[in-house]
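Residues per chain, in single letters:
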Amino acid sequence: MIGQPLIFTDLDGTLLDHFSYSFEPAQPLLSYFDEQQIPVIANTSKTCAELIHIRKELNNSAPFIVENGAAVYLPKKLFPECPKDCHDDGALWRYEMSRPREHWLNLLHSLKPSFQSLYTSFSNLSIEQLVQLTGLTTEQAERAAKRQFGEPVLWHGNREDKLLFIQAINELGGNVLQGGRFLHVGDAVNKGAAMQWLKQLYCDHYPNTEFQSIALGDSQNDVDMLEIADHAVVIASPTHSAPKLKRQANLNHSKAYGPEGWRETLIQLLEIPAQALLEREK
Ligand SMILES: [Mg+2]
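Residues numbered from 1 in each chain as written. Predicted model: local features only at pLDDT ≥ 70, side-chain atom pairs only at ≥ 80, totals over all residues. Heavy atoms only, no water.

Trainee: Kindly report on the nonpolar core, identifying the contributing residues and their values.
Mentor: Soluble globular proteins tend to pack their nonpolar side chains together in the buried interior. Ile7, Phe33, Trp262 and Leu266 are the most contacted members of the largest nonpolar core, which totals 35 residues. The contacts of Trp262, once residues within four sequence positions are left out, are Ile7, Thr9, Thr14, Leu15, Ala26, Leu29, Leu30, Phe33, Val40, Leu216 and Ile235. Within the second largest apolar cluster, 26 residues are counted, among which are Ile41, Val72, Ala215 and Val234. (Core = buried A, V, L, I, M, F, W, Y, C linked by side-chain atoms within 4.5 Å. Buried < 20%, exposed > 50% of the residue type's maximum accessible area, 1.4 Å probe, protein only. Contact = heavy atoms within 4.5 Å.)

See below:
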């Protein structure tokens, strides 16, 4: 592969094991990338609060993308000057690709009389209820609850009412995404657009370097970034079939699941010498 790689990766089921959330098999490779200054950029549906926690565990200091492409966070250490249109957020810059959660809460409020009894808004769930619904620990649920750009709702109504609800949101300029448990009300963001924005920022920041984006993901919400990355890697899942892509060029499918597959395909793609990893496995 020619050029400097920028690795954009989904977390759950991709870098993290679907069941145990372990990234152990990818650990030596993460440490190699760190040393080689190859950024591993998390691109996930998780919140900023969740990401800050997970990046510590991964010993990762790269930029990251949250809430399915709603915002990009950039460490000031890597980008000392505020990039265009970014907001100051402590040690980070924040680039927003979505309107804030407040906007969507107000919009839901304006629809209240028609749909109020048919769903429970994320903001009305207690942390205990969230723990029960998701199986997260209390601390994890607290971080997951800190959504900034959209509002998940738990639908209790029937299918017809759900379609009316989606239509009403669409008419008010919003988008509804069906997730595993929740309907996500927000802007029509996606992981691909956020990835492109960040790649462009790297290109502007280092005009003499040619960057190559590598995207890795296992699910439907990864398709946008997998289609437009310079190289795409579909990670095999133990629970669902691989998302179908239109592209055929520069596309790899892992054989192993999750972090094992992550490791296997990146070693192959970037032709990483076995010796470089052996030293880290001792
Ligand atoms: Mg995933």
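Trainee: How would you explain the sheet that holds strand β1 (residues 4–9) if you had to name every residue and give the values?
Mentor: Paired through backbone hydrogen bonds, the strands of a sheet run either parallel or antiparallel to each other. In spatial order, the strands read β5-β6-β4-β3-β2-β1-β11-β12-β13; together these 9 strands make up an open sheet with mixed pairing. The open sheet terminates on both sides in strands that have one partner only, identified here as β5 (87–89) and β13 (251–257). Strand-to-strand twist across the sheet, computed as the mean angle between neighbouring axes with direction ignored, equals 25°. Bridging between β5 and strand β6 (residues 92–96) involves 3 bridges; their strand directions are antiparallel. Each residue of the ladder has a partner; that of Asp88, found in β6, is Trp93. In this fold helix α2 (residues 48–58) packs onto β2 (40–43), β3 (64–66), β4 (71–75) and β6, with an angle of close to 145° to the strand it touches most, β3. Contacts from helix α10 (residues 258–269) reach β1, β2, β11 (211–217), β12 (231–236) and β13, with the element oriented near 140° to β13. (Pairing = 2+ DSSP bridges. Helix = DSSP H or I, 4+ residues; strand = E, 2+ residues; numbered from the N terminus. Axes fitted to C-alpha atoms, helices over the stretch in contact; angles between N-to-C directions.)

Trainee: How would you summarise the coordination of the magnesium ion if you had to cite specific residues and measurements?
Mentor: Each pair of donors in an ideal four-coordinate tetrahedral metal site encloses 109.5 degrees, whereas pairs in an ideal six-coordinate octahedral site enclose 90 or 180 degrees. Distances from the magnesium ion to its protein donors, namely Asp10 (OD), Asp12 (O) and Asp218 (OD), fall within the range 2.2 Å. Going along the chain, you hit the donors of the magnesium ion in the pattern D-x1-D-x205-D. With a relative accessible area of 6%, Asp10 lands in the buried category. The class for Asp12 is partly exposed, based on a relative accessible area of 31%. (Donors = N, O, S within 2.8 Å, 3.2 Å for Na, K, Ca; no water.)

Trainee: Now, about the environment of Ser117: what can you tell me, with residues and values included?
Mentor: Along the polypeptide, Ser117 turns up in the loop between α4 (112–115) and β7 (119–121). Sequence spacing of Ser117 and Trp104 is 13 residues, and the spatial spacing of their C-alpha atoms is 18 Å.

Trainee: Just give me the short version of the pairing of strand β9 (residues 175–178), but keep the residues and values in it.
Mentor: Inspection of the sheet shows β9 paired to strand β10 (residues 183–186) by 4 bridges, in the antiparallel sense. In the sheet register, Leu177 faces β10, and the bridge partner there is His184. Where β9 folds back on β10, the antiparallel hairpin that results is connected by 4 residues.

Trainee: Outline the layout of surface pockets, listing residues and values.
Mentor: By volume, the second largest pocket is sized at about 650 Å³. Mapped by element, the contributors of at least two residues to the lining of the second largest pocket are β1, α1 (27–35) and α2. With 5 residues, α1 is the largest single contributor of residues to the lining of the second largest pocket. When its residues are assigned to classes, the lining of the second largest pocket shows 17 nonpolar, 7 polar and 4 charged. (1 Å grid on protein atoms, 1.4 Å probe; cavity = no way out; pocket = protein on both sides within 12 Å on 5 of 7 lines; lining within 4 Å. Points joined across faces, edges and corners; volume = space filled by probe spheres on them. Nonpolar A, V, L, I, M, F, W, Y, C, P; charged D, E, K, R; others polar.)

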